[in-house]
Amino acid sequence: MAQVRVTVDGVNYADDVEPRTLLVHYLRETLGKTGTLVGCDTSNCGACTVHLNGQSVKSCSVLAVQADGAEVTTIEGVARDGQLHPVQQAFHEHHALQCGYCTPGMIMQAIDLLGDNPDPDEREVREGIEGNLCRCTGYQNIVRAVQGAAQKMKPGAHAETPATASVAGGGN
């Protein structure tokens, strides 16, 4: 066993884990962060995307021990004070999901993309989310949602009050 100390969604944790435990399994099974989904276990689909020290990673490709001392943000941690993150709200407003399985990872990747490129064009959005697969939507509404969120997140933009305080894509 190895000890892992991490901050997940603003809460500090210290746990003993098997050295080969994947971060996705630690988050889901030990911490109960079930919004981080297990899709393919091969790092191809992106359903398990989280932020590790502010950068998106596929948590099925990271060992829990590699996250020791790190800050992890999951889909459950992006809403603030009962308000959806602008990307979550945009996914809702633009109907950017169907089954919802890819949604948590897609949102986490989109947040990272907008942190690097706050005003992406369609090609840049498609390239920025290309490591996250959606088998339902055809991506058009996902692209619209990311670009809509970018507009709302611009300095001086007036963000609308979200209609719901639930976290889009959490809890499967």
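We now turn to the structure provided with this report. (Residues numbered from 1 in each chain as written. Predicted model: local features only at pLDDT ≥ 70, side-chain atom pairs only at ≥ 80, totals over all residues. Heavy atoms only, no water.)

1. A look at helix α2 (residues 86-93)
The complete set of buried residues in α2 reads Val87, Gln88, Gln89, Ala90 and Phe91. Buried positions along α2 lie against α3 (103-116) and α5 (140-153). Positioned one or two residues after α2, His95 has a phi angle of 50°, which is positive. (Buried < 20%, exposed > 50% of the residue type's maximum accessible area, 1.4 Å probe, protein only. Helix = DSSP H or I, 4+ residues; strand = E, 2+ residues; numbered from the N terminus. Contact = heavy atoms within 4.5 Å.)

2. Digging into the pairing of strand β3 (residues 49-52)
Residues of β3 alternate between two faces, with Thr49 and His51 on one and Val50 and Leu52 on the opposite face, all of them buried. Here four bridges tie β3 to strand β4 (residues 55-58), and the two strands are oriented antiparallel to one another. Looking across to β4, one finds that Val50 is bridged to Val57. The turn linking β3 back onto β4 is made up of two residues, and Asn53 within it adopts a positive phi angle of 50°. Across two bridges, β3 lies against strand β5 (residues 71-73) in antiparallel orientation. Paired with Leu52 across the strands is Val72, a residue of β5. (Pairing = 2+ DSSP bridges.)

3. A look at the packing of α2 against α3
The contact between α2 and α3 brings their axes to 9 Å, and the two run at 125°. In terms of axis orientation, α2 runs oblique to α3. Crossing of α2 over α3 shows right-handed handedness. Touching Val87, Gln88 and Phe91 of α2 are Thr103, Met106, Ile107, Ala110, Ile111 and Leu114, all from α3. Split by residue class, the contact of α2 with α3 holds seven nonpolar, two polar and no charged. (Axes fitted to C-alpha atoms, helices over the stretch in contact; angles between N-to-C directions. Parallel < 35°, antiparallel > 145°, perpendicular 65-115°, else oblique. Left-handed = near helix turned anticlockwise from the far one by under 90°. Nonpolar A, V, L, I, M, F, W, Y, C, P; charged D, E, K, R; others polar.)

4. Some remarks on the packing of α3 against α5
Here α3 crosses α5 at 45°, and the two axes come no closer than 11 Å. The orientation of α3 with respect to α5, classified from their angle, is oblique. Crossing of α3 against α5: the hand is right-handed. For the pair α3 and α5, contact is made by Met106, Ala110, Leu113 and Leu114 and by Ile142, Val146, Ala149, Ala150 and Met153, respectively. Classifying every residue of the contact of α3 with α5 gives nine nonpolar, no polar and no charged.

5. Section: the environment of Asn141
Of note, Asn141 is situated in helix α5. Exposure remark for Asn141: the relative accessible area of 26% places this residue in the partly exposed category. Considered as a pair, Asn141 and His94 are 47 residues apart in the sequence and their alpha carbons are 5.9 Å apart. Sequence-distant contacts of Asn141, defined by excluding residues within four places in its chain, comprise His94, His95 and Ala96. A distance of 3.5 Å separates a polar atom in the side chain of Asn141 from the backbone oxygen of His94. (Polar contact = N/O pair within 3.5 Å; in protein donor to acceptor, adjacent residues only side chain to side chain.)

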